[in-house]
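Summary of structural features
So the chains spell out like this:
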Amino acid sequence: MARHAAEPAALPRARERGRRRAWIVAFRRYRAPYLFILPFFVLFAVFFLYPIGFSLSLSLHEWSGFGPARFVGLGNYRLLLRDELFWGSMLNATILFLIYVPAMTLLALVLASVLHSRYLRLQGLWRALIFLPNITSMVAAGYVFRLMLDTDSGLANRFLSFFGVSPIPWLDDIWWARISLGLLLVWAWLGWNTVIMLAGLQTIPPELLDAARVDGANAVQIFRRITVPLLRPQILFAVTLSIIGTYSLFTEPFVLTRGGPVQATTTPVYQVFTSTFEYAKVGYGAAMSYVYFAVIVVLTLFQFWALSRERPAGRGR
Amino acid sequence: MTAVRVRRSTLVKAASYLALAAISALMLFPFAWMLASSFKPFTEIFAGRSFLPEQPTLANYASLFQQSDALRKVWNSFYVAALYTALAVFLCAMGGYGFAKFRFPGRGVLFGFLLATMAVPFAVVMVPLFIMMRNWFHWIDTPWPLIVPWAANAFGIFFMRQYMLSIPDDMLDAARVDGASELRIFLRLVLPVSRPGLASLAILFFVLKWNDFLWPLAVLRSDEVQTVPVMLASLQGPPGRTAFDVLMAGSVVSVLPMLLLFLLLQRHLVVGLTAGAVRE
């Protein structure tokens, strides 16, 4: 009876104590996993989250990197809106993307289908040979391509001259330079894309393809009606990385074309690099990184929306 | 009718092999040209008429190792890549184990956050990170800016988690019943059984770090701390007379170790570089 009467007063304290004990028990119980995953979150906070915030403050200042910084509010962003070099680099990346990504993705799909064929021997060897450029330093690869694509004495033009083709200004003309850059990128990334598609193909049940074949579908029909629709997740993954990768290119244009001719092959990251490290405009470079990131996020979301919208009828949820 | 079908399928086969051979040749050609050119004198690189060097010379390599101190740069690259690989593989294994084999409050949210961070390109933080490295950490011209920020990274943790999901819980519980501490279980049990996964990740990290260019170019300012790709970029000389002779020798030095690594361990590498494409 007495115990019963005392309970209402003691309850909040007991509950409080109980809650604290539960928290301690929970911490004890989950201490191991939290400690195991801690390094990532600490490093991410210090070297990525904090800099992103710090960058906001940098982008509101005019600063050479040394001495006092001058607060300019949105001045950097206002300048950036009218910066033809920066928006030109966005356009360059967009053009470059359109030049090489559709061709490369299609080629990767076809190659993966060929590699996936049941009769094919030495699949591992072919895959390795096509993949090889991907582990090469892009600085080294860029120089070799520059050597081979030299207008006057490069190997490509010397080879083409046997067929009576007059010298092509591979690196000296705006459009040819973009195409050359695209060639280097296809060389470097075709194997990676092919292996992604191949991994996707291996998840398609072979009975599906057999059934289609029995029904009289030819290779092109199977490719268009079965392979491509079923590989949608892999295509989405590969194209998303191609978008991010193309706008973030640096090494390839830096080595192969040095951004030229007349700035036709600069990319947003190239511009961030030159304004920060060559012209020492740190605040401006920070503002540029923000806008570049915003553009990438918008493009990626748009691409997800576009590709998920045109899901074939009956397959959607 | 069967004859027609047989002939047609032979034709398709032949075409497939032909296409694969042609593409492989195109992929390999730049390596061959790089190697051949590295043994040619400067004038022959441009005016030569044969694929193989007419007057083979080691002068390009001699100049690379004597004037540019390439051996030191190879060592710098190796040092950065090896140190990074050792540290990152260990920390990523820890993170992967935490996410794969424990249930804890917030796990789903934290793992989703980790995956989302993979979509943030490095260039977004390059400028502020450079200022931090220079003004606060004083890490310019040291290997640390190349190593520490990525020592526990989202991709590696994701990769190791996928691998460690298949470790049987019974094995871990048995060790717990025997009174082993969580750290001891991780070091003595989890790491040894994950060896193949760790190897794949290690090779992958090593190659990526060996070839890294943009960030090393920003933070490695003096000559003697440069890595091989940064050395190559500084070798090119004045516009108009690019030193392609020495550059080709340098490119071979940069590419060859990765090529050998790839030929020995290509299955590991391809698996690592393309992980994440197929989600079960």
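Residues numbered from 1 in each chain as written. Chains lettered and ligands numbered in written order. Predicted model: local features only at pLDDT ≥ 70, side-chain atom pairs only at ≥ 80, totals over all residues.

In terms of helices and strands, chain B carries 14 helices and 0 strands. In chain B, the succession of helices and strands from N to C terminus is α-α-α-α-α-α-α-α-α-α-α-α-α-α. A compact globule built from 280 residues would reach a C-alpha radius of gyration of about 19 Å, whereas chain B, at 24 Å, exceeds it by more than 25%. Expressed as a percentage of the 280 residues in chain B, the buried residues total 39%. Here the analysis covers contacts within chain B between residues at least 6 apart in sequence; of these, 74% occur between residues at least 24 apart. (Helix = DSSP H or I, 4+ residues; strand = E, 2+ residues; numbered from the N terminus. Rg over C-alpha atoms; globule rule 2.2 N^0.38 Å. Buried ≥ 20, exposed ≤ 12 C-beta atoms within 10 Å, placed from the backbone. Contact = placed C-beta atoms within 7 Å.)

Now for the overall build of chain A. Regarding its fold elements, chain A presents 13 helices and 2 strands. Taken over C-alpha atoms, the radius of gyration comes to 28 Å for chain A, far larger than the 20 Å a tight globule of 317 residues would show. Seen through its C-alpha atoms, chain A measures out along the principal axes to roughly 110 × 70 × 35 Å. Taken over 317 residues, chain A has a buried fraction of 38%. Partitioning the contacts of chain A with sequence separation of at least 6, the portion at a separation of at least 24 is 69%.

All right, on to the packing of helix H5 (residues 138-148) of chain A against helix H13 (residues 228-235) of chain B then. In helix packing, the relevant descriptors are the interaxial angle and the interaxial distance, both defined with respect to the helix axes. Contact geometry for H5 of chain A and H13 of chain B: axes closest at 9 Å, N-to-C directions at 30 degrees. The angle between H5 of chain A and H13 of chain B falls in the class roughly parallel. When H5 of chain A is examined against H13 of chain B, the residues Val 139, Ala 140 and Tyr 143 of chain A are found in contact with a partner set consisting of Pro 229, Leu 232 and Ala 233 of chain B. (Axes fitted to C-alpha atoms, helices over the stretch in contact; angles between N-to-C directions. Parallel < 35°, antiparallel > 145°, perpendicular 65-115°, else oblique.)

All right, on to helix H8 (residues 154-164) of chain B then. Where burial is concerned, most of H8 of chain B is hidden: 9 out of the 11 residues are buried. Along H8 of chain B, the residues classified as buried are Ala 154, Phe 155, Gly 156, Ile 157, Phe 158, Phe 159, Met 160, Arg 161 and Tyr 163 of chain B.

Among the nonpolar cores identified, the biggest contains 147 residues, and Cys 92 and Ile 157 of chain B are the most heavily contacted of them. Here this core takes 14 residues from helix H7 (residues 174-201) of chain A, the largest share from any one element. Those residues in contact with Ile 157 of chain B that sit more than four places away from it in its chain are Phe 40 of chain A together with Cys 92, Gly 95, Gly 96, Phe 99, Leu 114 and Ala 152 of chain B. (Core = buried A, V, L, I, M, F, W, Y, C linked by C-beta atoms within 7 Å.)

Helix H9 (residues 169-177) of chain B sits mainly on the outside: 0 of its 9 residues count as buried. Positive backbone phi, approximately 90 degrees, marks Gly 179 of chain B, located one or two places after H9 of chain B.

Attention now goes to the domain arrangement of chain A. Domain parsing of chain A yields domain 1 (2-59) and domain 2 (80-309). Using only C-alpha atoms to locate each centre, domain 1 of chain A and domain 2 of chain A end up separated by 45 Å. (Domains from an automatic or database assignment.)

Looking now at the interface of chain A and chain B. Size of an interface, as often reported, equals the accessible area lost when the parts are brought together. Between chain A and chain B, the residue contacts involve 69 residues of the former and 66 residues of the latter. Contributions of two or more residues to the side of chain A that touches chain B are made by helix H1 (2-59), helix H4 (123-131), H5, H7, helix H10 (232-247), helix H12 (268-278) and helix H13 (282-309) of chain A. The element that contributes the greatest number of residues to the side of chain A that touches chain B is H1 of chain A, accounting for 17 residues.

We note that Arg 258 of chain A has phi near 50 degrees; this positive angle belongs to a residue other than glycine. Position of Arg 258 of chain A relative to the elements: it lies in the loop between helix H11 (251-256) and H12. The class for Arg 258 of chain A is partly exposed, based on 18 C-beta atoms found within 10 Å. A positive phi angle, near 70 degrees, is found at Asp 141 of chain B, a position not held by glycine.

Bringing the packing of helix H3 (residues 84-116) of chain A against H7 of chain A into the picture now. All names here are of chain A. Contact geometry of H3 with H7 gives a least axis separation of 7 Å together with a crossing angle of 35 degrees. When you trace H3 past H7, the crossing you get is right-handed. In the contact of H3 with H7, the residues fall into 21 nonpolar, 6 polar and 1 charged. (Left-handed = near helix turned anticlockwise from the far one by under 90°. Nonpolar A, V, L, I, M, F, W, Y, C, P; charged D, E, K, R; others polar.)

Time to look at the confidence of the model for chain B. Low pLDDT means the predicted atomic positions in that stretch should not be read closely. Within chain B, residue pLDDT values average 89, and 93% of them lie at 70 or more. Reported confidences for the modelled complex are a pTM of 0.89 and an ipTM of 0.90. (pLDDT = per-residue confidence, 0-100.)

So, on to the confidence of the model for chain A. All names here are of chain A. Per-residue pLDDT for chain A averages 87, and the proportion of residues at 70 or more is 93%. The least confident element of chain A is H1, whose mean pLDDT is 80; the most confident is H5, at 95. Contacts for the low-pLDDT stretch residues 1-6, under 50 throughout, to residues beyond four places or in other chains number 0 contacts. When the criterion is pLDDT under 50, residues 312-317 qualifies, and its contacts beyond four places in sequence or with other chains add up to 2 contacts.

Structurally, Ala 116 of chain B can be placed in helix H5 (residues 107-117). Distance from Ala 116 of chain B to Asp 245 of chain B, taken between C-alpha atoms, is 44 Å for residues 129 residues apart in sequence.

Moving on to the environment of Asp 69 of chain B. Counting through the fold element by element, Asp 69 of chain B comes out in the loop between helix H3 (59-67) and helix H4 (70-101). For the pair Asp 69 of chain B and Met 231 of chain B, spaced 162 residues apart in sequence, the C-alpha to C-alpha distance is 9.5 Å.

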